[in-house]
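Reading the structure
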Amino acid sequence: MDNRRRALEDRVAQSIHGLYSGNMFRDFYEQQRQPRRYDGQQVCLNGHLVTNYANTNPEDRKKFCPDCGQPTIMACESCNAPLQGAEIDPAVVVIGFGFSPPAFCHECGVSHTWTRRKIDTAIELAAEVETDPRELEKLRNSIGDLTTETPRTPLAVARFKKLVVKAGNTMGPAISKLLTDIASEAIQKQLGLK
Ligand SMILES: [Zn+2]
Ligand SMILES: [Zn+2]
């Protein structure tokens with residue numbers, strides 16, 4: 001009886017030891033040290049997300065956007081850095097669900113085509129409301145500060161809030177919609193859009 005009990009205790013001790021010193025933990029810590037890896041992202045030039053799994057599921061790729069018919073890209077048009085889709089953990093397959101298309105390239109900082117198009121459209125709309133060329137120029141200079149937080153963001157927020165009020169019920173909602181597309185979430189809150 002004693003021998004059997006001792007054998008059992010040995011086995012328990014061995015498995016606990018195995019658990020702590022074994023590959024499972026070593027692998028876990030090594031993974032934590034590895035740089036993050038991402039699946040490919042495919043986006044149309046108007047900024048519609050096609051897939052965050054363009055590498056794992058190449059069958060999901062589309063040459064043209066099913067929503068608007070624009071050509072799609074998987075890399076920055078300026079520096080060719082791949083767009084980053086879902087985050088990948090080699091052990092767990094996929095741990096993130098990927099992101100909405102970014103406003104700017106993470107590698108070269110250039111604004112993507114969809115960001116520039118939305119900004120241009122917002123300025124065109126602003127021109128329908130703001131007829132003073134000096135005021136319009138101020139809006140043009142400020143709109144970039146809505147895409148991401150800068151020291152000049154509060155000024156941009158104030159200017160565009162004023163524009164939306166001035167635009168009233170006819171143009172206001174269209175301008176607000178565009179600003180929602182352009183502004184980061186934190187800035188949407190400052191604009192009162194969230
Ligand atoms: Zn599209
Ligand atoms: Zn780039």
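None of these values were measured; they are calculated from a predicted model.

Overview of unusual backbone geometry
Positioned with a positive phi, Asn80 is a non-glycine residue whose angle comes to about 75°. By the secondary structure assignment, Asn80 is in the loop between β4 (72–73) and β5 (84–89). Assessed through the 12 C-beta atoms surrounding it within 10 Å, Asn80 is described here as exposed.

Focus: the nonpolar core
Residues Ala122, Leu146, Phe160, Leu163, Ile175, Leu179 and Ile182 are the most contacted members of the largest nonpolar core, which totals 16 residues. Sorting the residues of this core by element identifies α3 (113–129) and α6 (153–182) as the ones contributing at least two each. When sequence neighbours within four positions are dropped, the list of residues in contact with Ala122 reads Ile143, Ile175, Leu178, Leu179 and Ile182.

Points about the environment of Thr147
In this fold, Thr147 is placed in helix α5 (residues 144–147). C-beta crowding within 10 Å serves as the criterion here: with 21 such atoms nearby, Thr147 is assigned to the buried category. Considered as a pair, Thr147 and Gln188 are 41 residues apart in the sequence and their alpha carbons are 9.5 Å apart. Not counting chain neighbours up to four residues away, the residues in contact with Thr147 comprise Ala103, Thr115, Ile182, Ala183 and Ser184.

Side note on the sheet that holds β4
In space, the 3 strands of this open sheet follow the order β3-β2-β4, with antiparallel pairing throughout. If you trace the sheet from one side to the other, it starts and ends with β3 (49–51) and β4, each paired once. Alignment of strand β2 (residues 42–44) against β4, held across 2 bridges, turns out to be antiparallel. In the sheet register, Cys44 faces β4, and the bridge partner there is Thr72.

Re α6
Taking 1.5 Å per residue, 30 residues should reach 44 Å; α6 reaches only 13 Å between its end C-alpha atoms and comes up short. Its axis deflected by about 140° at Gly168, α6 carries its strongest bend there. Residues of α6 that are buried: Thr153, Ala156, Val157, Phe160, Leu163, Val164, Ile175, Leu179 and Ile182. Looking at the buried side of α6, the elements it contacts are α3, α4 (133–142), α5 and α7 (185–190).

Focus: the packing of α3 against α4
For the pair α3 and α4, interaxial distance at closest approach is 10 Å and the crossing angle is 160°. Taken together, the axis directions place α3 and α4 in an arrangement best described as roughly antiparallel. As α3 runs across α4, the sense of the crossing is right-handed. Of α4, the residues touching α3 (which contributes Ile123, Ala126 and Ala127) are Leu136, Leu139 and Arg140.

Rules behind the numbers
Residues numbered from 1 in each chain as written. Chains lettered and ligands numbered in written order. Predicted model: local features only at pLDDT ≥ 70, side-chain atom pairs only at ≥ 80, totals over all residues. Helix = DSSP H or I, 4+ residues; strand = E, 2+ residues; numbered from the N terminus. Buried ≥ 20, exposed ≤ 12 C-beta atoms within 10 Å, placed from the backbone. Core = buried A, V, L, I, M, F, W, Y, C linked by C-beta atoms within 7 Å. Contact = placed C-beta atoms within 7 Å. Pairing = 2+ DSSP bridges. Expected span 1.5 Å × (residues − 1). Bend = angle between axes of the 7 residues up to and from the residue. Axes fitted to C-alpha atoms, helices over the stretch in contact; angles between N-to-C directions. Parallel < 35°, antiparallel > 145°, perpendicular 65-115°, else oblique. Left-handed = near helix turned anticlockwise from the far one by under 90°.

So yeah, pure geometry; function would need other evidence.
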